[in-house]
Amino acid sequence: MSDSLPAPVRLPTERPSAFDPPTELAELREKCPVAPMDFPDGHQGWLITSYPEVRSLLADPTFSARQELHHHAPYDHPFGTEQIAPAEPGFFIGMDAPEHSRYRRLVAGQFTKRRIAQLTPRLEEIVESCLDAMEAGGSREADLVEHFSQPIPALVICELLGVPVEDSERFRGAIRSFFDLNSGREESEKAFAAILEYLGELITRKRAEPGDDMISGLISRDELTDQELAGISLLLLVAGYETTANMIALSVFALVTHPDQMALLRAEPDLVDNAIEELLRYLPLSAGGMRAATQDTDVRGTPVKGGECVVLSLAAANRDPARYGTDADRLDLRRSATGHVAFGHGPHQCLGSQLARLEMRTAFTALLRRFPGLRLAVAPEDVPLRDDHLIYGTHRLPIAW
Ligand code: HEM
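Below is a summary of the structure that appears in this document. (Residues numbered from 1 in each chain as written. Predicted model: local features only at pLDDT ≥ 70, side-chain atom pairs only at ≥ 80, totals over all residues. Heavy atoms only, no water.)

Some points on the site of the ligand
Near the ligand there are 23 residues, and of these H100, R104, R291, H348 and C350 occur at the shortest range. Here R104 contributes a side-chain N or O atom positioned 2.7 Å from an oxygen atom of the ligand. At 3.4 Å, a backbone N or O of A239 approaches a nitrogen atom of the ligand. At the level of elements, α3 (99–108), α10 (226–240) and α11 (242–257) are the ones that each hand at least two residues to the shell around the ligand. At four residues, the largest contribution of residues to the shell around the ligand is made by α10. A per-class count over the shell around the ligand returns 14 nonpolar, seven polar and two charged. (Near = heavy atom within 4 Å. Polar contact = N/O pair within 3.5 Å; in protein donor to acceptor, adjacent residues only side chain to side chain. Helix = DSSP H or I, 4+ residues; strand = E, 2+ residues; numbered from the N terminus. Nonpolar A, V, L, I, M, F, W, Y, C, P; charged D, E, K, R; others polar.)

Notes on the environment of I152
Along the chain, I152 turns up in helix α6 (residues 151–161). Take I152: its relative accessible area is 0%, and that puts it in the buried class. Note: C-alpha distance between I152 and A18 (134 residues apart in sequence) is 23 Å. Setting aside anything within four residues of it in sequence, one finds I152 in contact with L123, I126, V127, C130, E359 and A363. (Buried < 20%, exposed > 50% of the residue type's maximum accessible area, 1.4 Å probe, protein only. Contact = heavy atoms within 4.5 Å.)

A few points about the coordination of the iron atom of the ligand
For the iron atom of the ligand, the sole protein-derived donor is C350 (SG), lying 2.3 Å away. Mapped onto the elements of the fold, C350 is located in the loop between α15 (321–324) and α16 (353–370). (Donors = N, O, S within 2.8 Å, 3.2 Å for Na, K, Ca; no water.)

Some details on the sheet that holds strand β3 (residues 63–64)
Strand order in this open sheet of five strands is β1-β2-β8-β5-β3, and the pairing throughout is mixed. Both outer strands of the open sheet, β1 (34–38) and β3, are each paired with one neighbouring strand and no more. Of the pairings in the sheet, the one linking strand β2 (residues 44–48) to strand β8 (residues 309–312) comprises three bridges and is parallel in character. In the strand pairing of β8, L47 is matched with V311. Here helix α2 (residues 51–58) sits on the sheet and contacts β2, β3, β5 (289–293) and β8; the angle it forms with β8, its principal contact strand, is near 120 degrees. (Pairing = 2+ DSSP bridges. Axes fitted to C-alpha atoms, helices over the stretch in contact; angles between N-to-C directions.)

Here's the deal with the sheet that holds strand β4 (residues 141–143)
In space, the three strands of this open sheet follow the order β4-β10-β9, with antiparallel pairing throughout. Either end of the sheet is taken by a strand with one partner, and the two such strands are β4 and β9 (375–376). Alignment of β9 against strand β10 (residues 398–400), held across two bridges, turns out to be antiparallel. Bridge pairing in β10 places L376 opposite I399.

Set out below in structure tokens:
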């Protein structure tokens, strides 16, 4: 590392408010957008905070997405900092070309317009039934996380993978314990094994009796083993559930605490798609993407050695004033948030982005329509935040109407 660089930083994690990324990220973006970073296991890598560099590194083949290469956890991880094995077959988010491209092409071929169109009425039904269940409670108050933002993406993934309704509770139970970092290692591993066992059974059933779902669609291509199919299904689950659930809950939290913005969306429902892009830009969901340099290179004039890991802060990039103006830290549903990196960029850009947008649109539209008096049921500072999870959000969101 060059002598003129500042002392290495630790990944900042403390947030000044529910919606803002750590303040140090903005300071780094201004003074040292390619900052040397100390990882908890002693590795020295880099923290990237400026929009142009985050975006270009996400698409740069010199920086590998192979999980065994960027295995240095940027924060204290509950499972320690041991070496991570290469991605399981099918779990292509942790691979590079050509394996990555082969799996991605097969899965992208399943996210067809027809499939999304077919999912739409079912999604509307799922959203309405969540709202019915909240109203049926009779108290005009409910936890939005438990009754709305979590069940919607979980049930949508069941629908996508063709999990029968009668199995959905077993499936969701396993997902819940898998994602609960407080479960501890043994419990998490048990939950992981339970999901894989379930997916194995499901794949066997789909081979015998194909349906109109994504797993059956992938089986019909006759190019994937059962193990690869299970890896792909697990990836869809891991990538598509907590992200969407927390994005829905944080968005509603942001709307009810920015009454002018909520009033605007109520007055102009056609603004919803623009509002979704702005919420995706504004809300910090994860610490960022991880990559590892495969050879000596330089980023914005700073030398980076082969083998060094980079943390690409999507949240800092999405708030970069150089891209979004001096009011980048303000939620403005009328803003043009195009080019945000909430779904990443380049070869690994989110494959479920259109589905996630559809889920958000259906959820927000129905929620605002059903509850004209939607508000928080507690003070904003009493909403428990998921500072302790890999995907940020709220543990609960008590709302009233
Ligand atoms: C608001 C919700 C979501 C957000 C914010 C989000 C965000 C992201 C991001 C940032 C990446 C890129 C990671 C990287 O470059 O390392 C990604 C990849 C991915 N996402 Fe999403 N995602 C969301 C919803 C979904 C949904 C609903 C699905 C599918 C059901 C999905 C499936 C995937 C897959 C398969 C990948 C891996 C793509 C690849 O490696 O080629 N995501 N997502």
